[in-house]
Amino acid sequence: MAAILLDIDGVLHVSGEPIAGAADAVRRLRANGHRLRFVTNTTTRSKTQLGEELRAHGIEVDDEEIQTAASAAVSALSGKRVLALTMHALVHDLEGIELVGEGADAVLLGGADETPETNLVFSYMNLARAFGELELGAELYSLHRNKWWQTKRGPMLDAGAFVAGLEYASGVTATVLGKPSHAYFAAACEALDADPPLAWMVGDDLESDIAGAQGIGMRAVLVRTGKFRPDTVERSRTRPDGIVSSLAHLPEWLEEHL
C-alpha cells in the first residue's frame, strides 16, 4: 500500500476536459488500498469548486482530500496584512488572512486563468501597486511561480512571469507556498501520515511535481499528458522514477514496481 499524491491539472483533466481513464484509475487505486491526496497549484478556483469539478468527471474525491496552495498561504500569512492579486474565486479559501489595499506586510500573487479576469488581476496598475508595497518593505509571496500551463488550445502564460517581474523590479525574492516548495509536499505527506520515502507523487510537470517531490525524498512518476514534452525530459537533469502514458496506466505500473 502506498501514499500517493495526484496532481490535478494535466493528470486528471486539461482545461476541464477529463483525461481518458483517469476516473477509473482513481477508483482502482482506492480499491487497491492506496491512500490518496490531490495536490494542485491551481489558484483560480476554490477547493470546493475543484471538488465539484472532479466529481462531475466521475472522480471519487472529498473536498478535504484536496490540498491547494491557498491553504499553505493561510498558514504562512496568518496575522499579516496582505495585498493579494488573486482570482476572486480564491478569496473564500483565504479566510483567516487580513486582505488590504495598502499598508501591507506582504504581497501575495496567485495564478492566471483563461478568462478576462486575468487582465484585471494582473493589470499594470495592480502590479505597480504591489511594487509600491514591496518598496515600502512588504514581503513577497506567490502561491506558485509556474511559467505556463497546458490548455486544450495550447500552452498559456502563467503568473510566474509576473512574480519574476516584481522580483526584478524590487530586488525582493518571492517565497513560493505551493509546489515545488518542500513545505507543501511535507504537509501533504503529513496529511496521509506517510514518510516521504514511502510516498509517491504523480504529475505532468518536471519542475513543480517531480523535482519538488524528489527534493524531500519522495518517489515520483511522470505522466505523458498535460505539460509533458519529450524534449524537456531529455534536456532536464531531473529523472522521474517512472514514466507512464497517463494516469490510466498507473495502477498496473505500481503493481509491478511496489
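Here's what I pulled together on the structure shown here. The shown structure was predicted, so the numbers you read here are calculated from the model rather than taken from an experiment.

A tally of regular secondary structure across the chain gives ten helices and 15 strands. Scaling as 2.2 N^0.38, a compact globule of 258 residues should have a C-alpha radius of gyration of about 18 Å, and the chain matches this with 18 Å. Its C-alpha atoms give the chain principal-axis dimensions of about 55 × 35 × 35 Å. Within the chain, buried positions represent 53% of all 258 residues. In the chain, which carries 23 positive and 37 negative side-chain charges, the distance between the mean positions of the two groups comes to 4 Å.

Bringing the nonpolar core into the picture now. Core analysis: the largest hydrophobic core is formed by 29 residues, its most contacted members being I4, L6, L12, F38, V202, L247 and L250. Sorting the residues of this core by element identifies β1 (3–7), α1 (22–31), β4 (35–39), α2 (47–56), β13 (199–203), β14 (219–223) and α10 (250–257) as the ones contributing at least two each. Counting residues per element, this core draws most heavily on α1, at five residues. I4 has contacts with L29, H34, R35, L36, R37, L192, W200, V202 and L254, leaving out every residue within four places of it along the chain.

The step from K179 to P180 runs through a cis peptide bond, and the omega angle for that step is 10 degrees. Residue position: P180 is located in the loop between β12 (175–176) and α7 (182–191). Although it is not a glycine, S15 adopts a positive phi angle of roughly 55 degrees. Note that S15 resides in the loop between β2 (13–14) and β3 (17–18).

As a further point, take the side chain of T86. Here T86 is to be found in the loop between β6 (81–85) and β7 (98–99). With a relative accessible area of 10%, T86 lands in the buried category.

With that settled, the discussion passes to the packing of α1 against α10. Think of two packed helices as two axes; the pair is described by the angle between the axes and how far apart they sit. Where α1 meets α10, the axes come as close as 9 Å, and the angle between the chain directions of the two elements is 35 degrees. Along its contact with α1, which presents A25, R28 and L29, the element α10 presents L250, P251, E252 and L254. Class assignment for the residues of the contact of α1 with α10 results in five nonpolar, no polar and two charged.

Quick look at helix α3 (residues 69–77) now. Listed in full, the buried residues belonging to α3 are A69, A70, A73 and L77. Along α3, the residues classed as buried sweep out an arc of 100 degrees about the axis, all on the same side. Immediately beyond the C-terminal end of α3, within one or two residues, lies G79, with a positive phi of roughly 90 degrees.

The next point concerns the sheet that holds strand β5 (residues 66–67). Pairing is parallel across the open sheet formed by six strands, whose spatial order is β5-β4-β1-β13-β14-β15. Each edge of the open sheet carries a strand with a single partner, namely β5 and β15 (242–244). Across four bridges, β13 lies against β14 in parallel orientation. By the bridge assignment for β14, G203 is matched with L222. Packed onto the sheet, helix α8 (residues 206–214) meets β1, β13 and β14 and runs at close to 160 degrees relative to β14.

The next subject is the pairing of strand β8 (residues 106–109). What you see with β8 is no split at all: A106 and L108 on one side and V107 and L109 on the other are buried throughout. Where β8 meets strand β9 (residues 139–142), four bridges bridge the pair, whose relative direction is parallel. Across the sheet, L108 pairs through a bridge with Y141, a residue of β9.

Under the criterion given, the structure shown has 15 salt bridges. One salt bridge connects D24 with R27, and the closest N-O pair in it is separated by 3.9 Å. Of this pair, D24 and R27 both sit in helix α1, three residues apart, roughly one helical turn. Among the charged side chains, a network of salt bridges with common partners joins D7, K179 and D209.

Cut-offs applied
Residues numbered from 1 in each chain as written. Predicted model: local features only at pLDDT ≥ 70, side-chain atom pairs only at ≥ 80, totals over all residues. Heavy atoms only, no water. Helix = DSSP H or I, 4+ residues; strand = E, 2+ residues; numbered from the N terminus. Rg over C-alpha atoms; globule rule 2.2 N^0.38 Å. Buried < 20%, exposed > 50% of the residue type's maximum accessible area, 1.4 Å probe, protein only. Lys, Arg positive; Asp, Glu negative; His and termini not counted. Charge placed at Lys NZ, Arg CZ, Asp CG, Glu CD. Core = buried A, V, L, I, M, F, W, Y, C linked by side-chain atoms within 4.5 Å. Contact = heavy atoms within 4.5 Å. Axes fitted to C-alpha atoms, helices over the stretch in contact; angles between N-to-C directions. Nonpolar A, V, L, I, M, F, W, Y, C, P; charged D, E, K, R; others polar. Arc of directions from axis to C-beta. Pairing = 2+ DSSP bridges. Salt bridge = Lys/Arg side-chain N within 4 Å of Asp/Glu carboxyl O.

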